[in-house]
Each structure stands twice: as structure tokens, then as C-alpha cells.
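Structural characterization, general
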Amino acid sequence: MVKRLFVGNLSDHTGEEDLRKLFDQFGEVSSVSVPTDRTGRGKRIGVVQMDDDADAEKAIEALNGREFNGRSLKVEDFTARRSR
């Protein structure tokens, strides 16, 4: 089953390829999205979609709180985040 992950606290310069490379270490990544503002700068959030639930859970455990591009990442299940 495909699992969507919310990734917060990204640096302004973190792009989709950066996130894909980071999450590829934990399993198959089917899509990555990093929204930008009118100036083209990232909004410091992203959504990563992974093909396997177990791989997604490994990524959450390994990356939540980890420093990446000078910022401490917040990684969590997108579904759980939306239900708040």
C-alpha cells in the first residue's frame, strides 16, 4: 500500500531531487512534491509518497528529527497529520 509522508522544516533550498535521494535510502519512492511560493523558493514542506508501508515507517523513524541541509526535519504519516 502506498503511504504519504509529510516532511516539514525543510531549508529554502531543498528541492524534490534532494528529498528523493534522502528517502530512496529506505525504499521505493513513487513521488515527491515540494511546493514553492511565487518567487520559486520552497515553502519548507514536502510530501513524499512511498510504495511500501514498512519502508515508510523506517524512513519516519530514521529521519524524524534528523538534520538535513542545516535544519531538523519533521517527518510523519500524512494521514495522521490530516486527522488532527
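Look a little higher up for the structure.
Residues numbered from 1 in each chain as written. Predicted model: local features only at pLDDT ≥ 70, side-chain atom pairs only at ≥ 80, totals over all residues. Heavy atoms only, no water.

1. Some details on unusual backbone geometry
One non-glycine residue, R44, lies in the positive phi region at around 70°. When its relative accessible area of 34% is taken as the criterion, R44 is described as partly exposed. Phi at N69 takes a positive value of approximately 55°, unusual for a residue other than glycine. Along the chain, N69 turns up in the loop between strand 4 (67–68) and strand 5 (71–72). Given the relative accessible area of 42%, N69 is considered partly exposed. (Buried < 20%, exposed > 50% of the residue type's maximum accessible area, 1.4 Å probe, protein only. Helix = DSSP H or I, 4+ residues; strand = E, 2+ residues; numbered from the N terminus.)

2. Considering the sheet that holds strand 3 (residues 45–50)
With antiparallel pairing, the four strands of this open sheet are ordered in space as 2-3-1-6. The sheet terminates laterally at strand 2 (29–33) and strand 6 (74–77), the two strands that pair on one side only. If you compare each strand with its neighbour and ignore which way they point, the axes differ by 20° on average. Contacts from helix 1 (residues 16–24) reach strand 1 (3–8), strand 2, strand 3 and strand 6 within the one sheet, and its direction differs from that of strand 2 by about 145°. The sheet contacts of helix 2 (residues 53–63) involve strand 1, strand 3 and strand 6, and relative to strand 1 the element is tilted by about 15°. (Pairing = 2+ DSSP bridges. Axes fitted to C-alpha atoms, helices over the stretch in contact; angles between N-to-C directions. Contact = heavy atoms within 4.5 Å.)

3. Considering helix 2
All of the buried residues in helix 2 are D55, A56, A59, I60 and L63. All buried residues of helix 2 project into a common sector of 140° when viewed along the axis, lining one side. Against the buried residues of helix 2 lie strand 1, helix 1, strand 3 and strand 6. One or two positions beyond helix 2, positive phi appears at G65, with a value near 90°. (Arc of directions from axis to C-beta.)

4. Quick look at the packing of aromatic side chains
By the definition in use, this model includes zero aromatic pairs. Directly above the aromatic system of F78 lies the positively charged group of R4, at a separation of 4.3 Å from the ring centroid. (Phe/Tyr/Trp six-rings, centres within 6.5 Å; stacked < 30°, edge-to-face > 60°. Lys NZ or Arg CZ within 6 Å of the ring centre and 35° of its normal.)

Keep in mind that these numbers describe shape and distance, not what the molecule does.
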